[in-house]
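# Chains, contacts and geometry: an overview
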Amino acid sequence: MEDPTKVTIPARLLGALHAEAAKAAPREACGILLGNGHDIERISPAANVHSEPEARFEIDPRALIDAYRDARGGGPQVLGYYHSHPAGPPEPSSTDRAMAAADGSIWAIIGLGRVEFWRDGPSGFVPVGYSCPAR
Ligand SMILES: [Zn+2]
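What you see is a predicted model, and the numbers here were worked out from it, not measured in a lab.

## Comments concerning the pattern of salt bridges
Note that side chains of opposite charge can pair when their charged atoms are close. The final tally for this structure, using the stated rule, is four salt bridges. In this structure, Lys23 and Glu20 form a salt bridge, with 3.4 Å as the shortest nitrogen-oxygen distance. In this pair, Lys23 and Glu20 are both assigned in helix H1 (residues 11-24), three residues apart and thus about one turn of the helix distant. With relative accessibility at 16%, the residue Glu20 sits in the buried group. A salt bridge links Arg69 to Asp66; its shortest N-O distance comes to 3.2 Å. Placement of both Arg69 and Asp66 in helix H2 (residues 61-72) is noted, with a separation of three residues, approximately one turn of the helix. Residue class for Asp66 comes out partly exposed when judged on its relative accessible area of 26%.

Next comes the structure, spelled out in structure tokens:
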């Protein structure tokens, strides 16, 4: 996460994020972004265990524990998280801002047919550009 202004994500993973959002609707999809540095290399879909999954999300804690354990064991790093807004724009909601940990993680939000990336930084969410690497 050296460069705070952008990330890379393969086009097929952008497609997968849209597919996850469509599959979960009208509930919010959620999951974990894995990779190295500022390169997102995998997404790990997780159950949304929030009691109001149409309007909120909570990533299954078991999935987070597993992802961090894998990272410590030499697997890809946990770069951040994704979730969908079934009826809203791909911007952090007031709920998202209240949940933010200001830990520098990347948040991908899917909404209104778009995916946008944000960094959960010390002064709030900031937009992060992305590019799709040529393979
Ligand atoms: Zn949200």
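## So, the packing of aromatic side chains
On inspection of all chains with the given rule, the structure shows three aromatic pairs. Ring plane angle 70° and centroid distance 4.8 Å describe the contact between Trp107 and Phe125, whose orientation is recorded as edge-to-face. Pair noted here: Trp107 is in strand S5 (residues 106-111) and Phe125 is in strand S7 (residues 124-131), with a separation of 18 residues, a long-range link. For Phe125, a relative accessible area of 15% gives the class buried. Taken together, a centroid distance of 5.0 Å and an interplanar angle of 55° make the contact between Phe117 and Tyr130 tilted. Here Tyr130 lies in strand S7 and Phe117 lies in strand S6 (residues 114-121), a separation of 13 residues in the sequence. By relative accessible area, Tyr130 is classed as partly exposed at 39%. Put simply, the rings of Phe57, Trp107 and Phe125 pair up and form one aromatic cluster.

Parameters and conventions
- Counting restarts for each chain, with residues numbered from 1 along the sequence as it is written.
- This being a predicted model, a pLDDT of at least 70 is required before a residue's local features are given, and a value of 80 or more before pairs of side-chain atoms are given or counted; all residues contribute to the totals for chains, interfaces and linings.
- Think of the side-chain values as coming from all heavy atoms in the structure, minus any hydrogens and water.
- By definition, a salt bridge exists where a carboxyl oxygen of Asp or Glu is found within 4 Å of a side-chain nitrogen of Lys or Arg.
- Each helix is a run of DSSP H or I of at least 4 residues and each strand a run of E of at least 2, with the numbering of both proceeding from the N terminus.
- The cut-offs for exposure are 20% and 50% of the maximum accessible area for each residue type, with area from a 1.4 Å probe on protein chains only; residues under the lower value are buried, those over the upper are exposed, and the others partly exposed.
- Put simply, two rings from Phe, Tyr or Trp (the six-membered ring, in Trp's case) pair if the centres are within 6.5 Å, and we call them stacked under 30 degrees between planes, edge-to-face over 60, tilted for the rest.

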